[in-house]
Amino acid sequence: QLQLVESGGGLVQPGGSLRLSCAASGFTLDDYAIGWFRQAPGKEREGVSCISFSGGYTEYADSVKGRFTISRDNAKNTGYLQMTSLTPEDTGVYYCAAAAYFYCGGAVESSSDEYDHWGQGTQVTVSS
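No experiment lies behind these values; they were computed from the predicted model shown.

Conventions and cut-offs
Residues numbered from 1 in each chain as written. Predicted model: local features only at pLDDT ≥ 70, side-chain atom pairs only at ≥ 80, totals over all residues. Heavy atoms only, no water. Helix = DSSP H or I, 4+ residues; strand = E, 2+ residues; numbered from the N terminus. Rg over C-alpha atoms; globule rule 2.2 N^0.38 Å. Buried < 20%, exposed > 50% of the residue type's maximum accessible area, 1.4 Å probe, protein only. Contact = heavy atoms within 4.5 Å. Areas by Shrake-Rupley, 256 points an atom, 1.4 Å probe, with all protein chains shown as cover. Lys, Arg positive; Asp, Glu negative; His and termini not counted. Charge placed at Lys NZ, Arg CZ, Asp CG, Glu CD. Salt bridge = Lys/Arg side-chain N within 4 Å of Asp/Glu carboxyl O. Disulfide = S-S within 2.5 Å.

**Description of the overall build of the protein chain**
No. 1: The helix and strand inventory of the protein chain stands at zero helices and eleven strands.
No. 2: Sequence-ordered secondary structure for the protein chain, helices as α and strands as β, is β-β-β-β-β-β-β-β-β-β-β.
No. 3: The C-alpha radius of gyration computed for the protein chain amounts to 13 Å, which stays within 12% of the reference 14 Å derived for 128 residues, consistent with globular compactness.
No. 4: Projected onto its principal axes, the C-alpha coordinates of the protein chain cover approximately 40 × 25 × 25 Å.
No. 5: A total of 128 residues make up the protein chain; the buried ones form 45% of that total.
No. 6: Relative to all contacts within the protein chain whose residues are 6 or more apart in sequence, the contacts with residues 24 or more apart total 63%.
No. 7: Of the accessible surface of the protein chain, which amounts to about 6300 Å², a share of 45% is contributed by carbon and sulfur atoms.
No. 8: Seen as two clouds, the 8 positive and the 14 negative side-chain charges of the protein chain have centres 7 Å apart.

What follows is the structure, encoded as structure tokens:
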């Protein structure tokens, strides 16, 4: 039962912040990179961020660079995405995923094929 479960989504006003969590069960995240993706209504899924399995390297899509911070806590078998200065364009379903021994190379925007496990997503809505 390999599972990733996202949490922390919800409704937030523009300029606000949210922290998303990605909790793994049935396996350890230590040997996996953690990626975050999102899909806005009517749009294709896009990569948002990635943190390497070592935790020493991170990547961000240009659209979120400087506003989002990806992190991980291997002791809790959990990844995080801290989102600040949120705008309506950040609205969408956010998914976390795990990629074995991935160093987050390549363009984060098109890295979905690297990932072995996916969560079900959590809704983030940025609106007044």
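**Things to note about the pattern of salt bridges**
Proximity of charged atoms lets side chains of opposite charge pair with each other.
No. 1: Tallied over the entire structure, the rule returns four salt bridges.
No. 2: Here Asp90 makes a salt bridge to Arg38, at a shortest N to O gap of 2.8 Å. Residue Asp90 is found in the loop between strand 8 (78-83) and strand 9 (92-100), and its partner Arg38 is found in strand 4 (residues 32-39); the two are separated by 52 residues along the sequence. The pair formed by Asp90 and Arg38 is uniform in burial state, with each residue classed as buried.
No. 3: Asp62 is the partner of Lys65 in a salt bridge, and the nearest nitrogen-oxygen pair spans 3.1 Å.

**Some points on unusual backbone geometry**
No. 1: The backbone of Tyr101 sits at a positive phi, close to 50 degrees, despite the residue not being glycine.
No. 2: Locating Tyr101 in the fold gives a position in the loop between strand 9 and strand 10 (117-118).
No. 3: Judged by relative accessible area, which is 54%, Tyr101 ranks as exposed.
No. 4: Even without glycine at this site, Cys104 takes up a positive phi of about 65 degrees.
No. 5: Tracing the backbone shows Cys104 in the loop between strand 9 and strand 10.

**Some details on the state of the cysteines**
No. 1: For the coordinates displayed, the defined rule picks out two disulfides.
No. 2: Two residues share a disulfide in this structure: Cys22 and Cys96, whose sulfurs sit 2.0 Å from each other. Its S-S torsion of about 70 degrees marks the bond between Cys22 and Cys96 as right-handed, since a negative value means left-handed. In this pair, Cys22 sits in strand 3 (residues 18-25) while Cys96 sits in strand 9, placing the two residues 74 residues apart along the sequence. The pair Cys22 / Cys96 is uniform in exposure class, with both members buried.
No. 3: One disulfide in the model links Cys50 with Cys104; its S-S distance is 2.0 Å. Judged by the sign of its S-S torsion, about -70 degrees, the bond between Cys50 and Cys104 is left-handed. Of the two residues, Cys50 is situated in strand 5 (residues 46-51) and Cys104 in the loop between strand 9 and strand 10; the sequence distance between them amounts to 54 residues.

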